[in-house]
Amino acid sequence: MALHSKHPLWLVGFRPFFSLACLAGMILPVIWALMFGGSLPAPDARFSAIQWHAHEMFFGFGWAVLGGFLLTSTKNWVNIRGYHGPALMLLAGCWIVERIAMSFGGHWPTPLFIVASNLFLGCIAAMLMWTLLRYRQQDSYRDNIFFIVMLPAFLFAKFMLLSGNDYEAGERMCIALFRLAFLVMLERTLTQFMKAAFQAEILRNPKLDLAIKLLGLVLVVDFALPGPYTAAVSFLLAALLAIRFVFWKPQLAFRRIDIGIMYVGYLAIVGQLVIDGLGQVASFVWVGSVSVHLFTFGAMGCVIPAMIVRISKGHTGRKVMFDGLDKATLYIMLLGLIVRVVMPQFAPGAYLGWIHAAATCWLLAFGILAVRYIPMLMQPRVDGRIH
């Protein structure tokens, strides 16, 4: 155990969890497409197939990415060594156990299933909370208070998502929590990326930034608000994001796919808020849960591959440059967004085909990332640094 814990894979959180995220991004959408088309049976679970799909994309794939990012970032934010070795092995094992429980634990004893299906999120949320709270005084970002609030809220969202009566509320809460996490991350990273790539300063107004994050936090509990209030908050947040977007120099960002795709994710959040707000006050006929998939494909699906490339290269001592295959991965994910969200509106009769096409895009994109970056994540840094 001690010998294996010193392997490069266990040096820092992004290494094991970005590896797991690549595998999950390859496999989970394909499994769902086959289930949806009737080629695979539903999982042996205590909930519906759609609940399984939503849970696995949010808490399997999504939390592998978010967990890897936060395990890596929090140690830098508070300037400590961070979790490594046996701690990361434990978390990765819990993640795998959760995947097994969610797919095959339908007939397990109830106490065993509850523990197995909540162990990963419970452990990683507690560990991240401990880091942020214990070292709060030396935290580089005072607004990490939003993560301190979000982390336990994810547990509540997970519970509601798997509840038969609260599934829709749980799904909305999951989206709101991931959306808030993305808003915080995009705010910080795009400021750095635009300065490094174009020597450009983008608008950072503390009052505007705080208002955006506070409105995002309100929407975490939108299930408890009347529809018109939720719509008003959604529209206001979308408007503030759109105004800020204009001052974030998109005309420069879209010159480079590696940065432009982050702006696509930003716009997807704006679009999702508008569609969600409209859905609260009027009846619209969309094909295929547009509000949900505009976020999961447009924000998560587009931003995450670029994030994996940047962090995997930069934190292993390599120069952060997007080569041809890296860029191809991003274009594949953009194609996945189009075929999953846009095309069903024009050709709803081919809906099953669009689902399979979108799942194929995820398989190709994350397959490329897995083949290229998992070996990199299992090797020492090329610049001689330990971690």
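Residues numbered from 1 in each chain as written. Predicted model: local features only at pLDDT ≥ 70, side-chain atom pairs only at ≥ 80, totals over all residues. Heavy atoms only, no water.

Quick word on the packing of helix α8 (residues 206-218) against helix α9 (residues 227-246)
Defined as follows: Axes here refer to lines fitted to C-alpha atoms; in helices the fit is confined to the stretch in contact. Angles between the N-to-C directions go from 0 to 180 degrees. Note on conventions: DSSP H or I runs of at least 4 residues are helices, E runs of at least 2 residues are strands, and numbering of each starts at the N terminus. Orientation is classified from the angle alone, with under 35 degrees giving roughly parallel, over 145 giving roughly antiparallel, 65 to 115 giving roughly perpendicular, and any other angle giving oblique. Left-handed describes a crossing whose near helix is turned anticlockwise from the far helix by less than a right angle; the clockwise case is right-handed. The criterion used for residue contact is that any of the two residues' heavy atoms lie within 4.5 Å. Put simply, Ala, Val, Leu, Ile, Met, Phe, Trp, Tyr, Cys and Pro go in the nonpolar bin, Asp, Glu, Lys and Arg in the charged bin, and everything else, Gly too, in the polar bin.
The N-to-C vectors of α8 and α9 enclose an angle of 150 degrees; their axes lie 10 Å apart at closest approach. When the interaxial angle is binned, α8 and α9 end up roughly antiparallel. As for the relative orientation of α8 and α9, their crossing is left-handed in sense. Here Leu 208, Asp 209, Ala 211, Ile 212, Leu 215, Gly 216 and Val 218 of α8 come into contact with α9, specifically with Val 233, Leu 236, Leu 237, Leu 240, Leu 241 and Arg 244. Of the residues in the contact of α8 with α9, the class split is 10 nonpolar, one polar and two charged.

Here we look at the nonpolar core
Burial of nonpolar side chains together is a common tendency in soluble globular proteins. The condition is simple: Only buried residues count toward a nonpolar core, which is a set of Ala, Val, Leu, Ile, Met, Phe, Trp, Tyr and Cys residues joined through side-chain atoms within 4.5 Å. The buried label goes to any residue with under 20% of its type's maximum accessible area, the exposed label to any with over 50%, and the partly exposed label to all in between, with areas taken from a 1.4 Å probe on protein chains only.
If you look at the biggest cluster of nonpolar residues, it comprises 139 residues, and the most contacted ones within it are Phe 61 and Trp 63. Examining the composition of this core, we find that 19 residues originate from one element, helix α7 (residues 167-198), more than from any other. With residues near it in sequence (within four places) discarded, Trp 63 still touches Phe 58, Gly 68, Leu 70, Phe 120, Leu 121, Ile 124, Leu 128, Leu 151, Phe 154 and Phe 178.

Things to note about the layout of surface pockets
Short version of the rule: In this analysis a 1.4 Å probe is tested at points of a 1 Å grid over the protein atoms alone, and where it fits but cannot get out there is a cavity; an open set with protein on both sides within 12 Å along at least five of seven lines is a pocket; lining residues have an atom within 4 Å of a point. Grid points are joined across faces, edges and corners, and a volume is the space filled by probe spheres set on the points.
Roughly 620 Å³ of internal volume is contained in the largest pocket. Along its surface, the largest pocket is lined by 25 residues, and Phe 69, Thr 189, Gln 192, Phe 193 and Ile 311 are the ones closest to its centre. If you list the elements that add at least two residues to the lining of the largest pocket, you get α3 (49-78), α7, α11 (257-281) and α12 (290-314). When residues in the lining of the largest pocket are grouped by element, the largest group, nine residues, is from α7.

As for the environment of Lys 313
Tracing the chain through its elements places Lys 313 in helix α12. When its relative accessible area of 9% is taken as the criterion, Lys 313 is described as buried. Considering only alpha carbons, one finds Lys 313 and Val 218, 95 residues apart in sequence, at a separation of 35 Å. Contact partners of Lys 313, with chain neighbours within four places excluded, come to Arg 318, Lys 319, Val 320, Met 321, Asp 323, Asp 326, Tyr 373 and Met 376.

What to know about the state of the cysteines
Heads up, the condition is: In plain terms, two cysteine sulfur atoms within 2.5 Å form what is called a disulfide here.
In the structure shown here, the tally under the stated rule is zero disulfides. The closest cysteine sulfur to the non-disulfide-bonded Cys 94 is located on Cys 123, 4.5 Å from its own sulfur. Note on Cys 94: relative accessible area 4%, which makes it buried.

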